[in-house]
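Chain by chain, the residues:
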Amino acid sequence: MALDKPLAAYETVETWRTGLRDQWGEEPDMTERLRALEGFCEMVGKDPDTIIAECSRVVEGGKRIRIKGRREYAARIAEFQESEDGDARAQGRLGNNIRSFFIHNGIFMQAGLSS
């Protein structure tokens, strides 16, 4: 699946970058993070904004997490990181980059959530 615009131009990617910057007090290096997210988007066949939309719904007073969507994506993250060549540390870093994207967009994620 080809994205219809540069990855950094998606609203959820900007939310992620801004969240990291606010958390750390400096501009984050997004190179590895964007590479990971691009691979994940390619694997699931969806753009970043669609992924987050499938995990949440807007309700009066804010946003609610869709548990089913979150579980499905948690399983896909595990699948994605296991597909990475390299050792467990490299695989974990890959999965953590994707989880960080979800977390900064209001979707709680942690390793092992899919079970």
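What this report covers is the structure whose coordinates are included nearby. (Residues numbered from 1 in each chain as written. Predicted model: local features only at pLDDT ≥ 70, side-chain atom pairs only at ≥ 80, totals over all residues. Heavy atoms only, no water.)

## Some words on helix α2 (residues 31-44)
Okay, step 1: If you check α2, its first and last C-alpha atoms are 20 Å apart, about what 14 residues at 1.5 Å a residue would give, namely 20 Å.
Okay, step 2: Residues of α2 that are buried include every one of Arg 33, Ala 36, Leu 37, Phe 40, Cys 41 and Val 44, and no others. For α2, the buried positions fall inside an angular range of 135 degrees around the axis, keeping them on one side. Seen from the open side of α2, the exposed residues pointing more than 90 degrees away from its buried face are Arg 35 and Glu 42.
Okay, step 3: For α2, the elements touching its buried residues are α1 (11-24), α3 (48-53), α4 (67-82) and α5 (88-104). (Helix = DSSP H or I, 4+ residues; strand = E, 2+ residues; numbered from the N terminus. Expected span 1.5 Å × (residues − 1). Buried < 20%, exposed > 50% of the residue type's maximum accessible area, 1.4 Å probe, protein only. Arc of directions from axis to C-beta. Contact = heavy atoms within 4.5 Å.)

## Section: the packing of aromatic side chains
Okay, step 1: Inspection of every chain in the model, using the stated rule, returns 6 aromatic pairs.
Okay, step 2: Each ring, one from Trp 16 and one from Phe 101, has its centre 5.4 Å from the other, and the planes form 75 degrees; the classification is edge-to-face. Taken together, the residues span a long stretch of sequence, with Trp 16 in helix α1 and Phe 101 in helix α5 at a distance of 85 residues.
Okay, step 3: For Trp 16, a relative accessible area of 0% corresponds to the buried category.
Okay, step 4: On the accessibility criterion, Phe 101 (0% relative accessible area) is buried.
Okay, step 5: Judged by centre distance (5.6 Å) and plane angle (75 degrees), the ring pair of Phe 40 and Phe 80 falls under edge-to-face. (Phe/Tyr/Trp six-rings, centres within 6.5 Å; stacked < 30°, edge-to-face > 60°.)

## What about α5?
One turn of an α-helix holds 3.6 residues; hence residues three or four places apart share an orientation.
Okay, step 1: An ideal rise of 1.5 Å per residue puts 24 Å on 17 residues; α5 measures up with 24 Å between its terminal C-alpha atoms.
Okay, step 2: Within the span of α5, buried status applies to Ala 90, Gln 91, Gly 92, Leu 94, Gly 95, Asn 97, Ile 98, Arg 99, Ser 100, Phe 101 and Phe 102.
Okay, step 3: The elements touched by buried residues of α5 are α1, α2, α3 and α4.
Okay, step 4: Positioned one or two residues after α5, Gly 106 has a phi angle of 85 degrees, which is positive.

## As for the nonpolar core
Okay, step 1: Ranked by internal contacts, the top residues of the largest apolar core, which has 24 residues, are Leu 37, Phe 40, Tyr 73, Ile 98 and Phe 102.
Okay, step 2: Looking at this core, the elements that each hand over two or more residues are α1, α2, α3, α4 and α5.
Okay, step 3: Broken down by element, this core gets its largest block of residues, 5 residues, from α2.
Okay, step 4: The residues contacting Phe 102, other than those within four sequence positions of it, are Phe 40, Ile 51, Ile 52, Cys 55, Tyr 73, Ile 77, Ile 107 and Met 109. (Core = buried A, V, L, I, M, F, W, Y, C linked by side-chain atoms within 4.5 Å.)

## Some details on the pattern of salt bridges
Okay, step 1: A full pass over the atoms with the stated rule returns 7 salt bridges.
Okay, step 2: Put simply, Arg 17 and Glu 14 hold a salt bridge, and the shortest N to O gap is 2.5 Å. Separated by 3 residues within a single helix, Arg 17 and Glu 14 lie in helix α1, roughly one turn from each other.
Okay, step 3: For Glu 14, a relative accessible area of 34% corresponds to the partly exposed category.
Okay, step 4: Put simply, Glu 27 and Arg 21 hold a salt bridge, and the shortest N to O gap is 3.9 Å. (Salt bridge = Lys/Arg side-chain N within 4 Å of Asp/Glu carboxyl O.)

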